[in-house]
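Coordinate inspection notes
For reference, the chains in residue letters:
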Amino acid sequence: MMNFSVDSRLFQAARDGCVPYQLLKDIAVESGRTAPDLLDEHSYVVASRYSANEIGFEEADTVMKALWAVCVSKEFWAEHDRTIPTVTNAVYLAFDAGEYHRESDPLGTDPESKYTRPLIDDFLAEHVLTR
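Residues numbered from 1 in each chain as written. Predicted model: local features only at pLDDT ≥ 70, side-chain atom pairs only at ≥ 80, totals over all residues. Heavy atoms only, no water.

**Topic: the side chain of Asp7**
- Mapped onto the elements, Asp7 comes out in the loop between β1 (2–3) and α1 (8–15).
- When residues no more than four places from it in sequence are discounted, the contact partners of Asp7 are Ile27 and His42. (Helix = DSSP H or I, 4+ residues; strand = E, 2+ residues; numbered from the N terminus. Contact = heavy atoms within 4.5 Å.)

As structure tokens, this is what we get:
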């Protein structure tokens with residue numbers, strides 16, 4: 001079960017394609033939560049909004065790439081024992097799976113429909129959100 005509240009500054013930075021670690025760190029301090037928790041909460045929101053068709057694949061993919069980039073940055077890894085947050089990892093991998101065609105797929109296969117949607121559906125079925 002996850003509790004969450006998203007920060008518009010973090011979400012906007014991710015939409016713009018880059019989350020500076022200092023911004024993540026500042027928001028974590030202000031909110032009294034950890035940076036990994038913030039990343040997981042925002043990743044869950046991306047999955048939920050994508051599943052509800054509130055945001056499209058491209059926007060969700062951009063946000064997840066930005067969240068992923070900050071969680072594998074030197075600064076984040078130094079302060080968080082080189083650990084990628086679990087939810088962030090799962091949601092990032094789901095969107096990553098929809099970015100490319102596989103040679104084994106028939107011509108015309110939509111990787112977003114074949115890979116990302118089912119992975120996000122499975123993820124959300126396994127995680128319960130509370131406010």
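**Some details on the pattern of salt bridges**
- Applying the stated criterion across every chain, the model contains eight salt bridges.
- Lys65 is the partner of Glu99 in a salt bridge, and the nearest nitrogen-oxygen pair spans 3.3 Å. With a gap of 34 residues between them, Glu99 in the loop between α6 (86–97) and α7 (111–126) and Lys65 in helix α4 (residues 57–71) connect regions that are remote in the sequence.
- Taking relative accessible area as the criterion, Glu99 reaches 33% and is therefore assigned partly exposed.
- For Lys65, a relative accessible area of 41% gives the class partly exposed.
- Among the salt bridges present, the one from Asp105 reaches Lys114, with a minimum N-O distance of 2.6 Å.
- The buried category is assigned to Asp105, whose relative accessible area is 11%. (Salt bridge = Lys/Arg side-chain N within 4 Å of Asp/Glu carboxyl O. Buried < 20%, exposed > 50% of the residue type's maximum accessible area, 1.4 Å probe, protein only.)

**Observations regarding the side chain of Thr88**
- Locating Thr88 in the fold gives a position in helix α6.
- According to the relative accessible area criterion, Thr88 is buried, its value standing at 0%.
- A polar side-chain atom of Thr88 sits 3.1 Å from a polar atom in the side chain of Ser43.
- Excluding residues that lie within four positions of it along the chain, Thr88 makes contacts with Leu39, Asp40, Ser43, Met64 and Cys71. (Polar contact = N/O pair within 3.5 Å; in protein donor to acceptor, adjacent residues only side chain to side chain.)

**Focus on the packing of aromatic side chains**
- Taken as a whole and judged by the stated rule, the model has five aromatic pairs.
- Taking 5.8 Å as the distance between ring centres and 40° as the angle between the ring planes, the aromatic pair formed by Phe57 and Phe95 counts as tilted. With Phe57 in helix α4 and Phe95 in helix α6, the pair connects residues that are 38 residues apart, well separated along the chain.
- Residue classification places Phe57 among the buried residues on the basis of a relative accessible area of 11%.
- Under the relative-accessibility criterion, Phe95 is labelled buried at 0%.
- Measuring from ring centre to ring centre gives 4.1 Å for Trp68 and Tyr92, while their planes differ by 10°; the resulting arrangement is stacked. You can see Trp68 sitting in helix α4 and its partner Tyr92 sitting in helix α6, a full 24 residues away along the chain. Each member of the pair Trp68 and Tyr92 is classed as buried. (Phe/Tyr/Trp six-rings, centres within 6.5 Å; stacked < 30°, edge-to-face > 60°.)

Honestly, it's all geometry; don't read function into it.
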